[in-house]
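Fold and geometry: a report
One letter stands for each residue in the lines below.
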Amino acid sequence: MTREELVKAILRMPEEIDAAEIRVTHTVESMVIASNNLEALENSYRLSSTGIPGKNAEERTAWLHSKTVNCRAMLENKERSHRHAQSNLKKQNNRFRAYLAVARLTGDNENVKE
């Protein structure tokens, strides 16, 4: 990587980091919505006039779980997306720090600041 390419990469990184931060924020919002949807669905079953069928807590829990499996899958998907977005943000930040470290090593240390 030439010095010019390094400078261009460093100048590009704040925009890329910002985009990654926005993706993390969006995934958090999606997770909250999915979690609230699951909770609302579970509460609607718990508060229904017929109640949750089953002789004991284990049977009732299993029945409730079977009725909310799609909602749970959606929440798990949102959680996976969030972990991926967090990982991407961390990689962007690490890349930025690495570019800055290389810039410091290759010269003009006074002008390269975090």
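Residues numbered from 1 in each chain as written. Predicted model: local features only at pLDDT ≥ 70, side-chain atom pairs only at ≥ 80, totals over all residues. Heavy atoms only, no water.

It is worth spelling out the side chain of Glu42 at this point. By the element assignment, Glu42 lies in helix α1 (residues 3-46). Judged by its relative accessible area of 12%, Glu42 is buried. Ignoring sequence-local partners within four residues, the contact set of Glu42 consists of Leu64, Thr68 and Arg72. (Helix = DSSP H or I, 4+ residues; strand = E, 2+ residues; numbered from the N terminus. Buried < 20%, exposed > 50% of the residue type's maximum accessible area, 1.4 Å probe, protein only. Contact = heavy atoms within 4.5 Å.)

This part takes up the confidence of the model for the protein chain. Of all residues in the protein chain, 94% attain a pLDDT of 70 or more, and the chain-wide mean is 90. Within the protein chain, the lowest mean pLDDT, 92, falls on helix α2 (residues 57-67), and the highest, 95, falls on helix α3 (residues 69-105). (pLDDT = per-residue confidence, 0-100.)

The next thing to look at is the packing of aromatic side chains. Counted according to the given criterion, the structure contains 1 aromatic pair. Each ring, one from Tyr45 and one from Trp63, has its centre 5.2 Å from the other, and the planes form 85 degrees; the classification is edge-to-face. Of the two residues, Tyr45 sits in helix α1 while Trp63 sits in helix α2, which places them 18 residues apart along the sequence. The partly exposed category is assigned to Tyr45, whose relative accessible area is 24%. (Phe/Tyr/Trp six-rings, centres within 6.5 Å; stacked < 30°, edge-to-face > 60°.)

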